[in-house]
Amino acid sequence: MTVRHIGLEECRQLADGFSKPYHANYFAMYSSLFGGVVTHPFLMMVPVDDHMVHRGDGVFETFKCVDGCVYALDRHLDRLERSSRALHLALPASRSEITEITIATIRTSAVRDCLIRLFVSRGPGGFTVNPYECPATQLYLVTTTLHVPTEEEYARGVSIKCSSVPPKKPYFANVKSCNYLQNTLMKKEAVDAGVDYTISLDEQGFVGEGASENIAIVTQDGVLKLPSFGRILKGTTVSRAVEMLEEPGARGRVQAISLEDITLTDAYNSREVLIFGTSFDVIAAVRFDGQSVGSGKPGPVFQFLHERFESDVRQNSAMQTPVYDR
Ligand SMILES: Cc1ncc(COP(=O)(O)O)c(C=O)c1O
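Residues numbered from 1 in each chain as written. Predicted model: local features only at pLDDT ≥ 70, side-chain atom pairs only at ≥ 80, totals over all residues.

Draft legend 1. The environment of Tyr-132, seen in detail. Structurally, Tyr-132 is set in the loop between strand E5 (114-121) and strand E6 (138-144). Taking the C-alpha atoms as reference points, Tyr-132 and Arg-107, separated by 25 residues in sequence, lie 35 Å from one another. (Helix = DSSP H or I, 4+ residues; strand = E, 2+ residues; numbered from the N terminus.)

As structure tokens, then:
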């Protein structure tokens, strides 16, 4: 085997032939290192000496743009700030600059619908574990295809099972850091088992969250129960769902809302199990560990929230950041 030295000129030729099927899902990337937006997948790179690459030392957010408006951007930036504070990571741009970068990157993508992934990294600087060797934090933002379930998929619901992956300690569970090993193992577990999501259980056996989703149950007497946020990531979607259920127009949809420990027995015996996440908003889990949940079909609380999210994402101007001139 010959291992060649490749120079910059040859890299140009490599870039020309650098095309993989999955690149079709990538639209554009902003890099603070480049100071602008690139669209060639060969340039959608993070240097290997960025501590986000070799130590997971960074934080991220995922949010969506639907019909030309970014949904719940402020809430995602609030969480980005909280996560960055927890890792003592200075944001390399102000909130308004991050908003401008987001809008510019989506405009360069020339799409009205996409998923945006924003990363704040410790930055390049060396390969040790010491974050102080990195002179400046960096911001990377990529726009990708937004995959949303079809109405048939929403109507069918999803299957879930308990995860055997040990959960994160509360401090780290509350930070959306780039160290998502437990989460990726949970997703692998789900795919391997042929279910849609796996759900973590904490040390006491209480229900936690999915790999990148929150869970809530509706009990037989109509109470919406959510696991307390101390030990899991506080999702923007489930938080918005709680607000929707507290609106006057939602009176009677649930009897009460409570944040409390949920046992597996509570979950198995519930009327509805709901899964929340940015890309799909809410979906009903109709099978849990091989058993039917409630009637085995998405229930009325799911249906109410599904419709409310549909109008919230598309029509609630207070939650939308327009990308294009209307
Ligand atoms: C571990 C984890 N839990 C829950 C969620 C759901 O959060 P959101 O509703 O803000 O997408 C996410 C996704 O960001 C996550 O990564």
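Additional details are given in the paragraphs that follow.
Draft legend 2. Looking closely at the site of the ligand. Surveying the vicinity of the ligand reveals 15 residues, the closest of which are Ser-212, Gly-235, Thr-236, Thr-237 and Thr-278. Going through the elements one at a time, helix H8 (236-246) and strand E12 (272-277) are the ones with two or more residues in the shell around the ligand. The element contributing the most residues to the shell around the ligand is H8, with 3 residues. Grouping the amino acids of the shell around the ligand by side-chain chemistry returns 3 nonpolar, 9 polar and 3 charged. (Near = placed C-beta within 6 Å. Nonpolar A, V, L, I, M, F, W, Y, C, P; charged D, E, K, R; others polar.)

Draft legend 3. Geometry of the nonpolar core. Grouped together as the largest cluster of nonpolar side chains are 37 residues, with contacts concentrated most on Val-273, Leu-274, Ile-275, Val-282 and Ala-285. Per element, the largest residue contribution to this core is 6 residues, and it comes from strand E13 (residues 281-288). Among the nonpolar cores identified, the runner-up in size contains 27 residues, and Met-29, Leu-80, Val-142 and Val-323 belong to it. (Core = buried A, V, L, I, M, F, W, Y, C linked by C-beta atoms within 7 Å. Buried ≥ 20, exposed ≤ 12 C-beta atoms within 10 Å, placed from the backbone.)

Draft legend 4. Structural context of the environment of Ser-164. Counting through the fold element by element, Ser-164 comes out in the loop between strand E7 (158-162) and helix H6 (170-173). Taking C-alpha positions, Ser-164 is 8.8 Å from Ile-199, a pair spaced 35 residues apart along the chain.

Draft legend 5. Structural context of the environment of Ala-190. Inspection of the secondary structure puts Ala-190 in helix H7 (residues 181-193). Separated by 48 residues in sequence, Ala-190 and Val-238 have C-alpha atoms that sit 21 Å apart.

Draft legend 6. Spotlight on the domain arrangement of the protein chain. For the protein chain, the assigned domains read domain 1 (8-144) and domain 2 (151-315). Summarising the inter-unit geometry, the C-alpha centres of domain 1 and domain 2 are found 28 Å apart. Between domain 1 and domain 2, the residue contacts involve 21 residues of the former and 11 residues of the latter. Only strand E3 (58-66), helix H3 (73-86) and E5 provide two or more residues apiece to the side of domain 1 that touches domain 2. Element by element, the count of residues in the side of domain 1 that touches domain 2 is highest for E3, at 8 residues. (Domains from an automatic or database assignment. Contact = placed C-beta atoms within 7 Å.)

Draft legend 7. The sheet that holds E5, seen in detail. The antiparallel open sheet is built from 7 strands, whose spatial order is E2-E1-E6-E5-E3-E4-E15. In this open sheet, the two strands that pair with only one neighbour each are strand E2 (36-38) and strand E15 (320-322). Averaged over all pairs of adjacent strands, the angle between strand axes in this sheet comes to 25 degrees, irrespective of strand direction. As defined by bridge partners, strand E1 (residues 26-31) adjoins E2 across 3 bridges and the pair is classed as antiparallel. By the bridge assignment for E2, Met-29 is matched with Val-38. Across the sheet, H3 lies against E3, strand E4 (69-71), E5 and E15, angled at about 175 degrees from E3, the strand it touches most. (Pairing = 2+ DSSP bridges. Axes fitted to C-alpha atoms, helices over the stretch in contact; angles between N-to-C directions.)

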